[in-house]
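This is what each chain is made of:
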Amino acid sequence: MTAINRRFFFKGAGVLAGVAGGLETLDAAAQKPGARPRRIIFMVADGMSPSVLPLAEQFSLRVRGKGLLWQALLNRAEARRGWMDMASLDSLVTDSSSASSSWGSGSRIFNGWVNMLPDGTRLTPICDLVRDKGWLTALVTTATVTHATPAGFAASVRRRDDEHLIAEQYLDKVDVILGGGRRFFAPDSRKDAKDLAAAFRAAGYSYAENRQQMQAQAAAAKRMLGLFSPSHVPYTVDHRHNEAAQKLVPTLAEMSGTALSMLEKQNKPFLIQIEGARVDHAAHSNDAAGLLWDQIAFDEAIETVLRFAEGRPDTLVVITSDHGNSNPGLVGMGIEYRQSNACFERLAGIKASFSSISPRLAGTAEYAMDAQQTAGVAGGAPSVARIQELAEQYLGFPFTQEEAEILHRCAAGERKLCVNRQLDSAVGILGQVVGNHTGIHWTGTTHTSDYTLVTALGPGADRFAGFIRNTSVFDTLTDLAGIRFRNPSMDPEKAGKFREAAFTPRLRPDWA
Ligand SMILES: [Zn+2]
């Protein structure tokens, strides 16, 4: 271990110091036979490949001078640890709607559906069930609040893209809803022109559109709909470099803290799902800096949650992911891999997400939060010189002449620039070019079949240890909430009969 690495290592180990006492209390509660939580906090780093945690740990040590809380929990006896098999009904590779539905209903379903069997049978999501038991519910995310992962706990629809329908299903079911997705609640952007935000207000929800409103209203409100962007909230790497965005858009940690305080003051049991959604979006975009900064933002939300759970031992905290995505890895660079560290350091100097850079390189629009990437640039492909300027400005290093020329050809719509078909795209080519400098390379631009890491603390945490199946999360959470309920399920063989009819034609690049 070099001197600098030793310093990083010990700083990393100390990251838990503030909450270590609280972990012991949670552990004592976990060890009481038959103990049940009154609060369930379920945290999801969406699309976090197993390789992301070690990368984010090293990145965090470099940019924050301390490691990740999640990583530090791996060394603590108080935290139970496991791996989870996240397969969907007919694919080893799940999407987020099927993944979250497996937790939310206990049944594996087709990718792209939300809590519905292939024959159209609606499954009852966990928010309905705990609500009937008198629990409060909350969904917090950096995606649209109607995105697949939050929806899997509270909605049932045929297509995850029908977010306007999912939005309607939250009314009077979810007490605190914080994230993006204003366009699914506003009359001018909904196909049916319904003013859904007004319907929530009429039902007693406080309504916030920015950070200040959220904070000002939280003390008096029991229910809240907080929508901080028309679509997803900005990537953390963009948020950090944009003062206006920082004033308007709360961080995941701030949203989580607000939701927890609102729920707690009502003195009722509650279930909350907290999603760091843009880890996944950055992985789809092969954007390593975007991904690592959002993983850090997720870790800051973990800190908020653990500080909340300190002194509240009847709290179960589950921290996991729903699937891998594009599996980034730091590769050996240079002779005897001596360049890998220096390449990795370059990530710290990147000032913008690919979502905000690539529209200038190879997209159709100016800054778009959706990260929809298409070939061709409005007004023509940028010149090689302009591409070099963008690299210096946003990434902090120049491309080689050859790389800049390839990006220029890619922006002009040329393909077959790369043999890997997934990577032969605007984001794939940019990811490869940037990877030549940062050492981060990707397997593709879609989800992967990896098991996901689970870490749990508090009463019931034992049931997340070892190797578990995604559907068991529903059984565990309902059991811990004192609910006896089982949704119908379908075996893969029978589901095969429905596969043709169930085909979802449009695969979105930002499927999360
Ligand atoms: Zn995804």
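Cut-offs applied
- Residues numbered from 1 in each chain as written.
- Predicted model: local features only at pLDDT ≥ 70, side-chain atom pairs only at ≥ 80, totals over all residues.
- Core = buried A, V, L, I, M, F, W, Y, C linked by C-beta atoms within 7 Å.
- Buried ≥ 20, exposed ≤ 12 C-beta atoms within 10 Å, placed from the backbone.
- Helix = DSSP H or I, 4+ residues; strand = E, 2+ residues; numbered from the N terminus.
- Domains from an automatic or database assignment.
- Contact = placed C-beta atoms within 7 Å.
- Axes fitted to C-alpha atoms, helices over the stretch in contact; angles between N-to-C directions.
- Parallel < 35°, antiparallel > 145°, perpendicular 65-115°, else oblique.
- Nonpolar A, V, L, I, M, F, W, Y, C, P; charged D, E, K, R; others polar.
- pLDDT = per-residue confidence, 0-100.
- Expected span 1.5 Å × (residues − 1).

## Some details on the nonpolar core
Counting 145 residues, the largest nonpolar core has Met43, Ala138, Ala259, Ile272, Leu292, Val317 and Leu407 as its most contacted members. The element best represented in this core is helix α15 (residues 288-309), accounting for 14 residues. The residues that make up this core include at least three from each of domain 1 (29-328 + 449-486) and domain 2 (350-441). Once residues lying within four places of it in the same chain are set aside, the contact partners of Met43 are Ile274, Ala301, Ile302, Val305, Val318 and Ile319.

## Some details on the packing of helix α3 (residues 52-64) against α15
Where α3 contacts α15, the two axes come as close as 9 Å, and the packing angle between them is 85°. Accordingly, the angle class assigned to the pair α3 and α15 is roughly perpendicular. Contact with α3, carried on its side by Val52, Leu55, Ala56, Phe59, Ser60 and Arg64, involves Leu291, Leu292, Gln295 and Ile296 of α15 and no other residues of that element. Residues belonging to the contact of α3 with α15 are distributed by class as follows: seven nonpolar, two polar and one charged.

## Brief notes about the domain arrangement of the chain
Taken as a whole, the chain is organised into domain 1 (29-328 + 449-486) and domain 2 (350-441). Contacts between the two partners involve 18 residues from domain 1 and, on the opposite side, 15 residues from domain 2. For the side of domain 1 that touches domain 2, the secondary structure elements donating two or more residues are α11 (236-240), α14 (278-284) and α15. Of the residues contributing to the side of domain 1 that touches domain 2, the split by class is seven nonpolar, nine polar and two charged.

## What to know about the confidence of the model for the chain
Interpreting fine coordinate detail is not advised for predicted regions of low pLDDT. The predicted model of the chain averages 91 in pLDDT, with 92% of residues at 70 or higher. Segment residues 1-10 is flagged for pLDDT under 50; beyond a separation of four residues in sequence, or across chains, it makes three contacts in the model. Confidence drops under a pLDDT of 50 for residues 364-376, and excluding neighbours within four residues, the segment shows 35 contacts in the predicted structure.

## Considering α3
The terminal C-alpha atoms of α3 lie 17 Å apart, and with 13 residues this matches the ideal 18 Å at 1.5 Å per residue to within 8%. Those residues of α3 that sit buried are Val52, Leu55, Ala56, Glu57, Gln58, Phe59, Ser60 and Leu61. Once α3 finishes, Gly65 follows within two positions and takes phi at roughly 70°, a positive value.

## Some thoughts on unusual backbone geometry
Non-glycine residue Ser326 carries a positive phi angle of around 60°. The topology assignment puts Ser326 in the loop between β9 (324-325) and β10 (329-330). By C-beta crowding, Ser326 is classed as buried, having 28 other C-beta atoms within 10 Å.

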